[in-house]
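Coordinate analysis (summary)
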Amino acid sequence: MDTLSQLKSELDSEFQTTKKFIALFPEGKNDYAPHEKSMKMMPLATHLVKVFEWPHTILNTSELDFAKGEYQPTQLSTQEELLNKLEESYQAGKKALENTNEELLYPSWTIKNDGHELASWSKYGAIRHALNQITHHRAQLGVYYRLNNIPLPGSYGPSADQQSF
């Protein structure tokens, strides 16, 4: 089974779909959130575009410990910055998948906070988790768009606003 070609194909597909969503990001709505417990729209979109880089981080490290300050959230403020970060993140993730081999998907990768394990997967499992995060956060962004009357592009088929594939 050629796992890497499948991961690369899925990353590319998710990139193409996410790019359509980010191209519709509304200026002036950065601080919109549908609920007080919800993330604001710009931080959500920023997180979404950054996830495309995760295969690079996962394949080049064995863990991420938040307490060590290795992860710092990116601050973006415009649609153009989002599109640029999406492209940059995608290229880093794609390159990492192109420059690895199947054996390097087996070792574990762990998320920690101050040494305490929060989650652990094989590197393959961590990359799959990242791909799931892309889908999850893009769906959240779609809800934000819908609540702001922003027409939604299709994701895995037509949407109510865009009937073509």
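Just so we're clear, the structure is a prediction, and the values are computed from it rather than from any experiment.

On to the overall build of the protein chain, then. In terms of helices and strands, the protein chain carries five helices and three strands. Across the protein chain, helices and strands are ordered from the amino to the carboxyl terminus as α-α-α-β-α-β-β-α. Here the C-alpha radius of gyration of the protein chain, 16 Å, is about what a compact globule of 165 residues would show, namely 15 Å. Taken across its 165 residues, the protein chain has 39% of its residues classed as buried. Restricting to contacts in the protein chain with at least 6 residues of sequence separation, those with at least 24 account for 71%. Accessible area of the protein chain: about 9100 Å², with a carbon and sulfur share of 50%.

As a further point, take the packing of aromatic side chains. Counted by the stated rule, this structure contains six aromatic pairs. Relative to tyrosine 90, the ring of phenylalanine 15 has its centre 4.0 Å away and its plane inclined at 10°; by these criteria the two rings are stacked. With phenylalanine 15 in helix H1 (residues 3-22) and tyrosine 90 in helix H4 (residues 79-98), this pair connects stretches of sequence that are 75 residues apart. The buried category is assigned to phenylalanine 15, whose relative accessible area is 4%.

Let us look at the nonpolar core. In this structure, Ile22, Leu82, Ile127, Leu141 and Tyr145 are the most contacted members of the largest nonpolar core, which totals 37 residues. Of all the secondary structure elements, the ones that give two or more residues to this core are H1, helix H2 (41-51), helix H3 (54-60), H4, strand S2 (108-113) and helix H5 (123-147). By residue number, the principal contributor to this core is H5, which donates eight residues.

Helix-helix packing: each pair is described by the crossing angle between the helix axes and the interaxial distance. Packing of H2 against H5 brings their axes to within 9 Å, and their N-to-C directions diverge by 155°. The angle between H2 and H5 falls in the class roughly antiparallel. Crossing angle aside, the handedness with which H2 passes H5 is left-handed. Contacts between H2 and H5 pair Met41, Leu44, Ala45, His47, Leu48 and Val51 from the former with Ala130, Gln133, Ile134, His137, Arg138, Gln140, Leu141, Tyr144 and Tyr145 from the latter. Broken down by class, the residue content of the contact of H2 with H5 amounts to ten nonpolar, four polar and one charged.

Scoring rules and cut-offs
Residues numbered from 1 in each chain as written. Predicted model: local features only at pLDDT ≥ 70, side-chain atom pairs only at ≥ 80, totals over all residues. Heavy atoms only, no water. Helix = DSSP H or I, 4+ residues; strand = E, 2+ residues; numbered from the N terminus. Rg over C-alpha atoms; globule rule 2.2 N^0.38 Å. Buried < 20%, exposed > 50% of the residue type's maximum accessible area, 1.4 Å probe, protein only. Contact = heavy atoms within 4.5 Å. Areas by Shrake-Rupley, 256 points an atom, 1.4 Å probe, with all protein chains shown as cover. Phe/Tyr/Trp six-rings, centres within 6.5 Å; stacked < 30°, edge-to-face > 60°. Core = buried A, V, L, I, M, F, W, Y, C linked by side-chain atoms within 4.5 Å. Axes fitted to C-alpha atoms, helices over the stretch in contact; angles between N-to-C directions. Parallel < 35°, antiparallel > 145°, perpendicular 65-115°, else oblique. Left-handed = near helix turned anticlockwise from the far one by under 90°. Nonpolar A, V, L, I, M, F, W, Y, C, P; charged D, E, K, R; others polar.

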